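Report on the structure
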Amino acid sequence: MAKNKLNKNWLHDHINDPYVKLAQKEGYRARAAYKLKEIDEDEKLIKPGQVIVDLGSTPGSWSQYARNKLAGLEGGGIRGTIIGLDMLPMDPIADVHFIQGDFREEDSLRQLEAILDGRQVDLVLSDMAPNLSGVAIADAARVEHLIDLAIEFAQAHMKPTGSVLVKCFNGTGYNELVHKFRAEFKTVTSKKPKASRDKSSEIFLLGKILKNPH
Ligand SMILES: C[S@@+](CC[C@H](N)C(=O)[O-])C[C@H]1O[C@@H](n2cnc3c(N)ncnc32)[C@H](O)[C@@H]1O
């Protein structure tokens, strides 16, 4: 299909997408908020008082959703901590810490550790998506690398009873990722929320309770 037609189709789908409309109405920066919302409502992941790390947070809809879940009733501050990290800038969200950095780089980890200041994380979220080259094996390796780093981070900084939710793609390398999750977590579930487009091979893996915490 010609590129122009593809762009037009995307625009048509986007404008008519109920989640895009809902995001505009409810003040979310991206329709992605509803992916996390559905998974959270199913799995009861986010609770007041938690320490949450949101990897690949820009433009910020997952952090906004998490913030709403941790918000106090009287509209004052949040109970808990949210740290967003992305290589791209993110407009500030009240009560959400933000680090601009590449998660593959040591410096980003140091900055995360500085904000954590010894506290353990309850929930690691990763909606990180690497730039894809179209070469299946190379792309699978990039996705896997980011997920390996998220798991390593969880091993080092998450409570043993915590959870890790990562975006991956149901294609080359997916079975290996499920295998890896099963080796690391007591419970592993794959999630395809309704807001994740059918056309997309995007799928989320949720691991709960570390088998071998450090
Ligand atoms: C799909 S978007 C995230 C959307 C976000 N969850 C939301 O709800 O607004 C994926 C993000 O991952 C970020 N990303 C990809 N690779 C990264 C890396 N190595 N380090 C940090 N961020 C990364 C991209 O810059 C992009 O902003």
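Look up a bit, the structure's there.
Residues numbered from 1 in each chain as written. Predicted model: local features only at pLDDT ≥ 70, side-chain atom pairs only at ≥ 80, totals over all residues. Heavy atoms only, no water.

**Thoughts on the site of the ligand**
Selection criterion: Throughout, near means a residue has at least one heavy atom within 4 Å of the molecule or strand. For this analysis, a polar contact is any N or O atom pair within 3.5 Å, provided that within protein one partner can donate a hydrogen and the other can accept it, and provided that sequence-adjacent residues contribute only side-chain to side-chain pairs. For the accessible areas, the method is Shrake-Rupley and the probe is 1.4 Å, while residue cover comes only from the protein chains on display. Secondary structure counts use DSSP, requiring at least four H or I residues in a row for a helix and at least two E residues in a row for a strand, with both numbered from the N terminus.
In the neighbourhood of the ligand, 21 residues make up the surrounding shell, with S61, D86, D102, F103 and D127 lying closest. A distance of 3.4 Å separates an oxygen atom of the ligand from a polar backbone atom of P59. M87 has a polar backbone atom sitting 3.3 Å from a nitrogen atom of the ligand. When the free accessible area of the ligand is taken as 600 Å², the share hidden by the protein chains comes to 87%. For the shell around the ligand, the secondary-structure elements that each account for two or more residues are α4 (61-70) and β2 (81-86).

**A look at the pairing of strand β4 (residues 121-126)**
The condition is simple: Exposure classes here rest on a 1.4 Å probe applied to the protein chains alone. A residue is buried below 20% of its type maximum, exposed above 50%, and partly exposed in between. Only when DSSP finds a minimum of two bridges between them are two strands counted as paired. Crossover handedness is defined by viewing with both strands directed away from the observer: a clockwise path from the first strand over the helix to the second marks the crossover as right-handed.
Here β4 lies mainly inside the structure; 6 of its 6 residues are buried. Bridge count between strand β1 (residues 51-55) and β4: 4 bridges; the pairing is parallel. Bridge assignment links V53 to a residue of β4, and that residue is V124. With 5 bridges connecting them, β4 and strand β5 (residues 158-169) associate as parallel partners. Opposite L123, over in β5, you have S163 as the bridge partner. What joins β4 to β5 is helix α6 (residues 136-157), and the crossover it makes is right-handed.

**Some words on the packing of aromatic side chains**
Rules: Only Phe, Tyr and Trp rings take part, Trp by its six-membered ring, and two of them pair if their centres are within 6.5 Å. Stacked means planes under 30 degrees apart, edge-to-face means over 60, and tilted covers everything else.
The final tally for this structure, using the stated rule, is 5 aromatic pairs. Seen from their ring centres, Y19 and Y34 are 5.8 Å apart, and the 35 degrees between their planes marks the pair as tilted. Residue Y19 is located in helix α2 (residues 18-26), and its partner Y34 is located in helix α3 (residues 33-43); the two are separated by 15 residues in the primary sequence. The partly exposed category is assigned to Y19, whose relative accessible area is 22%. Here W62 and F204 contribute two aromatic rings whose centre-to-centre distance is 5.8 Å and whose plane-to-plane angle is 40 degrees, an arrangement assigned as tilted. Taken together, the positions of W62 in helix α4 and F204 in strand β7 (residues 202-210) put the pair 142 residues apart, joining distant regions of the chain. Grouping aromatic residues by their ring pairs yields a cluster made of Y19, Y28 and Y34.

**Re the pattern of salt bridges**
Close approach of charged atoms allows side chains with opposite charge to pair. Short version of the rule: The working definition used for a salt bridge is a side-chain nitrogen of Lys or Arg within 4 Å of a carboxyl oxygen of Asp or Glu.
Considering all chains together, one arrives at 17 salt bridges under this definition. Among the ionic pairs, K191 bridges to D42, the shortest N-O distance being 3.1 Å. Here K191, found in strand β6 (residues 185-191), pairs with D42, found in helix α3; they are 149 residues apart in sequence, far enough to count as distant. Beyond isolated ion pairs, a larger network of salt bridges with shared partners links K35, D127, K167 and E202.

**Overview of the nonpolar core**
The test is simple: Only buried residues count toward a nonpolar core. Its members are Ala, Val, Leu, Ile, Met, Phe, Trp, Tyr and Cys residues joined through side-chain atoms within 4.5 Å.
Counting residues in hydrophobic clusters, the biggest one holds 32 residues, and the most contacted among them are L55, F103 and L112. When residues of this core are traced back to their parent elements, those giving at least two are β1, β2, α5 (106-116), β4, α6, β5, α7 (174-184) and β7. Within the second largest apolar cluster, 25 residues are counted, among which are W62, I82, M90 and F204.

**Here we look at the sheet that holds β1**
Spelled out, the test is: Structural elements are reduced to axes, namely lines fitted to C-alpha atoms, with helices fitted over the stretch in contact, and the angle between N-to-C directions of any two is expressed from 0 to 180 degrees. Contacts are assigned to residue pairs that have any heavy atoms within 4.5 Å of one another.
Taken in spatial order, the 7 strands of this open sheet run β3-β2-β1-β4-β5-β7-β6, and their pairing is mixed. Whereas interior strands pair on both sides, the edge strands pair on one side only; in this sheet they are β3 (96-100) and β6. Adjacent strand axes in the sheet meet at a mean angle of 15 degrees, parallel and antiparallel pairs treated alike. Strand direction decides the pairing type here: β5 and β7, joined by 7 bridges, are antiparallel. By the bridge assignment for β7, F169 is matched with E202. Strands β1, β2, β3, β4, β5 and β7 of the sheet are contacted by α4, whose axis makes an angle of about 180 degrees with β2. Sitting on the sheet, α5 touches β1, β2, β3 and β4, and the angle it makes with β2 is about 170 degrees.

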